[in-house]
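An overview of the molecular structure
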Protein chains: 2
Amino acid sequence: LTAGPTHHDVAAAADWLTDHVIRTPVLRCAELDALAGGRMWLKAENLQTTGCYKFRGALRAVGRIAGESAARGVIAQSTGNHAIAVAAAAQRYGLPAILVLSADAAPTKIALIQAAGGNVHLTGETLDDRLAEVEALRRESGYAVVDAYDNTDVIAGQGSAARELVDQVARQGTRLDAIVVPVGGGGGVAGTCLAVDGQGTAVYGVEPVGCDSLRRSLAQGQRVKVPPAATLADGLRPTLIGRHPFQITRSRLAGALVVDDQAIAEAVCLTLLHAKLVVEPSGAAALAGALQLAATTPMDNIGVLLTGGNIDPALLGQLVTQYTAEPVELARPAPHRAY
Amino acid sequence: LTAGPTHHDVAAAADWLTDHVIRTPVLRCAELDALAGGRMWLKAENLQTTGCYKFRGALRAVGRIAGESAARGVIAQSTGNHAIAVAAAAQRYGLPAILVLSADAAPTKIALIQAAGGNVHLTGETLDDRLAEVEALRRESGYAVVDAYDNTDVIAGQGSAARELVDQVARQGTRLDAIVVPVGGGGGVAGTCLAVDGQGTAVYGVEPVGCDSLRRSLAQGQRVKVPPAATLADGLRPTLIGRHPFQITRSRLAGALVVDDQAIAEAVCLTLLHAKLVVEPSGAAALAGALQLAATTPMDNIGVLLTGGNIDPALLGQLVTQYTAEPVELARPAPHRAY
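Fair warning: this is a prediction, and the values are worked out from it, not measured in the lab.

Right, let's get into the pattern of salt bridges. Applying the stated rule across the entire model yields 34 salt bridges over all chains. Linking Asp167(A) and Arg171(A) is a salt bridge whose minimum nitrogen-to-oxygen distance equals 3.0 Å. Residue Arg171(A) is classed as exposed on the basis of its relative accessible area, which comes to 64%. For the salt bridge of Asp150(B) with Arg243(B), the shortest nitrogen-to-oxygen distance reads 3.9 Å. Taken together, the residues Asp150(B) in the loop between β6 (144-145) and α7 (152-170) and Arg243(B) in helix α10 (residues 243-250) connect sequence positions 93 residues apart.

All names here are of chain A. Size it by volume and the second largest pocket reaches roughly 260 Å³. The set of elements that each furnish at least two residues to the lining of the second largest pocket consists of β3 (74-77) and α6 (127-141). The element contributing the most residues to the lining of the second largest pocket is α6, with four residues. Partitioning the lining of the second largest pocket into residue classes produces six nonpolar, two polar and four charged.

Residues and elements named next belong to chain A. Although it is not a glycine, Thr 50 adopts a positive phi angle of roughly 70°. Structurally, the position occupied by Thr 50 is in the loop between β2 (39-44) and α3 (54-66). Even without being glycine, Lys 276 reaches a positive phi, approximately 65°. Residue position: Lys 276 is located in the loop between α11 (261-275) and α12 (281-296). The class for Lys 276 is buried, based on a relative accessible area of 7%.

Quick look at the environment of Leu232(B) now. Residues and elements named next belong to chain B. Among the secondary structure elements, Leu 232 is positioned in the loop between α9 (213-220) and α10. For the pair Leu 232 and Pro 208, spaced 24 residues apart in the sequence, the C-alpha separation amounts to 8.4 Å. Apart from residues lying up to four places away in sequence, Leu 232 is in contact with Asp 261, Ile 264, Ala 265, Pro 281, Leu 315 and Leu 319.

Reading the values: the criteria
- Residues numbered from 1 in each chain as written.
- Chains lettered and ligands numbered in written order.
- Predicted model: local features only at pLDDT ≥ 70, side-chain atom pairs only at ≥ 80, totals over all residues.
- Heavy atoms only, no water.
- Salt bridge = Lys/Arg side-chain N within 4 Å of Asp/Glu carboxyl O.
- Buried < 20%, exposed > 50% of the residue type's maximum accessible area, 1.4 Å probe, protein only.
- Helix = DSSP H or I, 4+ residues; strand = E, 2+ residues; numbered from the N terminus.
- 1 Å grid on protein atoms, 1.4 Å probe; cavity = no way out; pocket = protein on both sides within 12 Å on 5 of 7 lines; lining within 4 Å.
- Points joined across faces, edges and corners; volume = space filled by probe spheres on them.
- Nonpolar A, V, L, I, M, F, W, Y, C, P; charged D, E, K, R; others polar.
- Contact = heavy atoms within 4.5 Å.

Here is the structure:
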């Protein structure tokens, strides 16, 4: 393991990425503000290239690899979005890419990888299975591995989303009390912690029930592997938090929140119907966590990283149809006015 | 009828609105570009306050009324979004608002009007029914009428969306060949024509099958009323184009396109799944029209006004579920790459 990334790596990644990624909008929505009892600043990274903020870290890492004369290609393992991002980044630099996913990965995401020219290898369902396959393919091909959780450029690149969010909110004259981020292998939450290091903004990580490797690791003071668990949030299923993310978050994270499928499904539909944005369950997990946080710890300004929007269309139809039968009761921003 | 609005009214409205409305993002999406065979610049007015670009015109008009000392309240008739916008604008200025809608108006939109403090009156299903009710309520209340189609401030305000779009695209070093706008009573398309007057950008209006008062009026050289027709696009049902919109478009519109429910439903789903934005059928009609246009008249850069996102959740679930069974075959932006 190399020396971990720092606040300066995030700043440098953000500067470099300015010309290469979309500066996604930060949106507010009266209905969500009313539900939270505070202002929710939504960073719409579902609108990022490849439909996910992971393009930031992948482009930063692949861009550096492509600058090396020995570069022949790249390999990555992923639950989905990191693979889409690496495939798209490799395509931009004219490098071949091999992407290793679990056999039960979301078909929508596999199709997006292939559309970006990526070569998909399916393997077993655990992180260990995928890592073993990556190592075998690396030896065979000589390609460079772009690790999803422990690569300094990847972590720094993901952190650029939070850095942008803070800047965009500051331009509205506001400082965030907290930023809430979904956690899979931990690259994004680690990058977010580094992005706001020393600025007094609390960072909260959100994991699905049963996929809480970060929460358990922080509680026990060492990395804890969890057994694979079913969750709507297919992007948050890694069974073990990365080494750098653990080191970075253990001294910086304000809290690790856990949300269930019901809360995630509601957050998908709330975002869809009120913020008018399509987010995948993993992306909506941050909103679910932020609403849980706001219910217990009132805050004036909460940043929410809506990390991605690559949802399976059939699942989206199903979630919306279910929600129509039992919508969340909204606190109304204003009373009815009598004539 | 007063003298109609001009390019200068749009410019003045846009300047004034800068501090009062959201400068919504302009987005691009590789999948939609590939389908159109050109670059599609999507103006995401579904992310505007009240979920629709009509807040622009309503705020401009109500803001002026509120500045008059005799102002007691406002009245408007609408298929939905203009009423939501007028209610929200009136709430911002502390004025009471009465909104007249057809009895078959979308329940989601009625709920949004009430949430903004508006007083809803339901009446018959034709424009004439609504206009008669507005006149009766005006006499009774003394409130000022904010006409949806023929008010200069409303037309100029709606036009500010296209003006912003042109500016945002210009900052990317690009000039639009065309802008495509959905047409109900014609306020938006008229404002768009004025916004780009003399700039060499072609404006196309899009109407649902059977609701093509603008197309028929332009063909016959006088305003033609159409019988009420069923359409997915509930916001595009006015049966008669406004007088100012007819005068403004007759010398300026490049073409009037007609789209069917199937094309509108596909456009809703394409926008949802690829651009990650929730648009209502009326908003998606512009994309459906733009795809039809691109198929017959190749263009490098087309602006598309995604006017609103206030879709009924049950309808959204239904459209997505149907689409999952029969998706549109996308032209792939890149071939698969073999390892």
